[in-house]
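# Commentary on secondary and tertiary structure
The residues making up each chain are set out below.
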2 protein chains.
Amino acid sequence: ESSAKVIDGKAVAEQIRDEITAEVSRMKDEIGVVPGLAVILVGDRKDSATYVRNKKKACDSVGITSFEARLPEDSSEHEVLKFISGYNDDPSVHGILVQLPLPSHMNEQNILNAVSIEKDVDGFHPLNIGRLAMRGRDPLFVPCTPKGCIELLHRYGIDIKGKRAVVIGRSNIVGMPAALLLQSEDATVSIVHSRTKNPENIIKQADIIIAAVGQANMVRGSWIKPGAVVIDVGINPVEDAKSRRGYRLVGDVCYEEACKVASAITPVPGGVGPMTIAMLLSNTLSSAKRAHNFQ
Amino acid sequence: ESSAKVIDGKAVAEQIRDEITAEVSRMKDEIGVVPGLAVILVGDRKDSATYVRNKKKACDSVGITSFEARLPEDSSEHEVLKFISGYNDDPSVHGILVQLPLPSHMNEQNILNAVSIEKDVDGFHPLNIGRLAMRGRDPLFVPCTPKGCIELLHRYGIDIKGKRAVVIGRSNIVGMPAALLLQSEDATVSIVHSRTKNPENIIKQADIIIAAVGQANMVRGSWIKPGAVVIDVGINPVEDAKSRRGYRLVGDVCYEEACKVASAITPVPGGVGPMTIAMLLSNTLSSAKRAHNFQ
Ligand SMILES: NC(=O)C1=CN([C@@H]2O[C@H](COP(=O)(O)OP(=O)(O)OC[C@H]3O[C@@H](n4cnc5c(N)ncnc54)[C@H](OP(=O)(O)O)[C@@H]3O)[C@@H](O)[C@H]2O)C=CC1
Ligand SMILES: NC(=O)C1=CN([C@@H]2O[C@H](COP(=O)(O)OP(=O)(O)OC[C@H]3O[C@@H](n4cnc5c(N)ncnc54)[C@H](OP(=O)(O)O)[C@@H]3O)[C@@H](O)[C@H]2O)C=CC1
């Protein structure tokens, strides 16, 4: 008796990758330029290594050249900055990504600020965030995960303008930029965070909910207005004896309950997750197009 | 039968100016440095000339040195940029303000971007706005009018954390930064704008209302939750045969109705208005302190 349409992020992400593949090849044919993405990985955290490998694979699959710098855990900030500066100056690199978290002896802010604003495909530079917040100023890049959320709404033909939207979470990388994006599309936006009292009262008023909290199943079915659209960014491991790994991944929204109330909802996994990398590829392609003035 | 406490912006602004006067004189005594504010005025709009004169007077009254560049209406963008660059390099200037609006043949964005971020006492540079939006990044300057709104809440001992706040209006200079400031103090913020449907329903939920719309008496008493705090930024002329000038100034909130419902409210004039210049002086002082590492 689930009534919600499932927003299939995996399928949309694949479609976007196909579009990118076509554009990359057109660019190569017409002007001989191949977009390039450089990833800097410091240390040997397993999860980070996996993310970097996935990004490399994704680049390969659409024809974007990938560059990789792996530095040992005990590198100095100065060494990382040298790599960034090299990529900043390299015309075959159009996007630079520093895999986080960095080792604790490094100043993350210094390092991220060193990435040229023209190659900040993560969109985390304060100048990009400021432009995103301001009317009449366009950011060079929009952060990938929130951009993916909005892209899902667009591709499913969901109206944003004039709608009530609630974003749960206000992190620099997801919640805050998601709220700015919804507002730039003329939603009326409220932001819920850990200090919000009775969050369910506000959430219940929303036509569009974006949840980016990191709390398994926090948003219950009874918190959702019938017919609302739910975009669930959360990726949370919960114990599951039936799973081979002993756990499974769930979102910030209780899917089983929500899918009976919402008109459309993203599953976890297979919702927002696949969109993040697709948006990274899209930002890298845009950057290369901008650098070469290619329409 | 008005029950609301009147938030006396004029009195608070005077108190702040006294504090600034004391700090300016302490700075001069201890390190021999006098803070300086430079204002650039292009053209001869009467209202702009009045604003500039008021800023100059305010500087004089607290002991801040003021510099002024007046350029003719038909100056080139290049000439304006030359003055900005001169002030950027001048160590006796700690704040630079370009009086808006600029003549229509100039690119406002180019000109504002030329102001050194260390001297951007208006706080309008996208890098400042980005830092204001991001958690863990502090802006060098906070835009004066929204900073004045928050300062009034602070000085009247009004709690912000955990409160529901609604900002009406989302301009780059008032509404948007006001919302970011409230959020950085842990209010749960909603932003109402011209595309919002049934704004009264959202406004009615707010413990704190900041109205920055530019629509005389738009917010009615019935839109306000009993006991809410109302900060009215609007300054709107309405016809008034009884006034010598033929008009008087009113806010965006219908004061006569609101003062019966709210627990505290700013009047217009005499509320937020006087705070804006006080915050400009405060930003100039902070800038001078930062430049000379003076605590
Ligand atoms: N699909 C994808 O590609 C991605 C998924 N994610 C996932 O999204 C989730 C959020 O990530 P991220 O934004 O980085 O997380 P952060 O931990 O940086 O931010 C979490 C936010 O949620 C708020 N919050 C925490 N608890 C509550 C609560 N009980 N009620 C309301 N708000 C609360 C916090 O509030 P406060 O600010 O007050 O502390 C904070 O703003 C995680 O599950 C993460 O794994 C993240 C990035 C990409
Ligand atoms: N006290 C002081 O020192 C200062 C006072 N002011 C005063 O504050 C007011 C606002 O100034 P400013 O921010 O520059 O103005 P702007 O015109 O730049 O912005 C007005 C905002 O109000 C929104 N708005 C317009 N009509 C409605 C409506 N009917 N319902 C809801 N929202 C609406 C607009 O929405 P949208 O974005 O959708 O168009 C816009 O975001 C003015 O009266 C101005 O004189 C301003 C600066 C300093």
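Residues numbered from 1 in each chain as written. Chains lettered and ligands numbered in written order. Predicted model: local features only at pLDDT ≥ 70, side-chain atom pairs only at ≥ 80, totals over all residues. Heavy atoms only, no water.

## Things to note about helix H3 (residues 77-89) of chain A
One turn of the α-helix equals 3.6 residues, which is why residues spaced by three or four share an orientation. If you check H3 of chain A, its first and last C-alpha atoms are 19 Å apart, about what 13 residues at 1.5 Å a residue would give, namely 18 Å. Looking at the buried positions of H3 of chain A, the neighbouring elements they touch are strand E2 (36-42), strand E3 (65-71), strand E4 (95-98) and helix H4 (108-114) of chain A. (Helix = DSSP H or I, 4+ residues; strand = E, 2+ residues; numbered from the N terminus. Expected span 1.5 Å × (residues − 1). Contact = heavy atoms within 4.5 Å.)

## Describing the site of ligand 2
What surrounds ligand 2 is a group of 21 residues, the closest being Arg170, Ser171, Ser194, Ile235 and Thr276 of chain B. Lying at an intersection of chains, ligand 2 is approached by residues of chains A and B. In the model, an oxygen atom of ligand 2 is placed 2.5 Å from a nitrogen or oxygen of the serine 194 of chain B side chain. The contact in question runs from an oxygen atom of ligand 2 to an N or O atom on the side chain of threonine 276 of chain B, over 2.7 Å. Contact with the protein chains covers 70% of the free accessible surface of ligand 2, which is 940 Å². Among the residues forming the shell around ligand 2, the class breakdown is eight nonpolar, 11 polar and two charged. (Near = heavy atom within 4 Å. Polar contact = N/O pair within 3.5 Å; in protein donor to acceptor, adjacent residues only side chain to side chain. Areas by Shrake-Rupley, 256 points an atom, 1.4 Å probe, with all protein chains shown as cover. Nonpolar A, V, L, I, M, F, W, Y, C, P; charged D, E, K, R; others polar.)

## A short note on the sheet that holds E4 of chain A
Residues and elements named next belong to chain A. The sheet built from three strands is open, its strands ordered E3-E2-E4 with parallel pairing. A strand with exactly one partner marks an edge of an open sheet, and here the two such strands are E3 and E4. The mean angle between the axes of side-by-side strands here comes to 15°, regardless of whether they run parallel or antiparallel. Here E2 pairs with E3 via seven bridges, running parallel. Paired with alanine 38 across the strands is phenylalanine 67, a residue of E3. Contacts from H3 reach E2, E3 and E4, with the element oriented near 165° to E3. (Pairing = 2+ DSSP bridges. Axes fitted to C-alpha atoms, helices over the stretch in contact; angles between N-to-C directions.)

## Concerning the relation of the copies chain B and chain A
Superposition record for chain B on chain A: RMSD 0.0 Å, screw rotation 180°, translation along axis 0.0 Å. What the superposition gives is, in effect, a two-fold axis relating one chain to the other. Both copies share a contact surface, since 100% of the interface residues of chain B are interface residues in chain A too. (Least-squares fit on C-alpha atoms with pLDDT ≥ 70 in both.)

## Describing the site of ligand 1
Among the 21 residues in the neighbourhood of ligand 1, the closest are listed as Arg170, Ser171, Ser194, Ile235 and Thr276 of chain A. Those residues lying near ligand 1 are distributed over chains A and B. One of the side-chain N or O atoms of asparagine 236 of chain A is found 3.4 Å from an oxygen atom in ligand 1. Coverage of ligand 1 by the protein chains reaches 70% of its 930 Å² of free accessible surface.

## Some words on the packing of aromatic side chains
Per the stated rule, a full pass over the model turns up two aromatic pairs over all chains. Arginine 245 of chain B extends its terminal NZ or CZ atom over the ring of tyrosine 247 of chain B, reaching a point 4.8 Å from the ring centre. (Phe/Tyr/Trp six-rings, centres within 6.5 Å; stacked < 30°, edge-to-face > 60°. Lys NZ or Arg CZ within 6 Å of the ring centre and 35° of its normal.)

## Concerning the packing of helix H1 (residues 9-31) of chain A against helix H10 (residues 273-291) of chain A
Residues and elements named next belong to chain A. Packing of H1 against H10 brings their axes to within 9 Å, and their N-to-C directions diverge by 20°. Put simply, H1 runs roughly parallel to H10. With respect to the hand of their crossing, H1 and H10 are arranged in left-handed fashion. Residue-level inspection shows Gly9, Lys10, Val12, Ala13, Ile16, Arg17, Ile20, Glu23, Val24, Arg26 and Met27 of H1 in contact with H10, the latter providing Pro274, Met275, Ile277, Ala278, Met279, Leu281, Ser282, Leu285, Ala288 and Lys289. Class assignment of the residues belonging to the contact of H1 with H10 gives a composition of 14 nonpolar, two polar and five charged. (Parallel < 35°, antiparallel > 145°, perpendicular 65-115°, else oblique. Left-handed = near helix turned anticlockwise from the far one by under 90°.)

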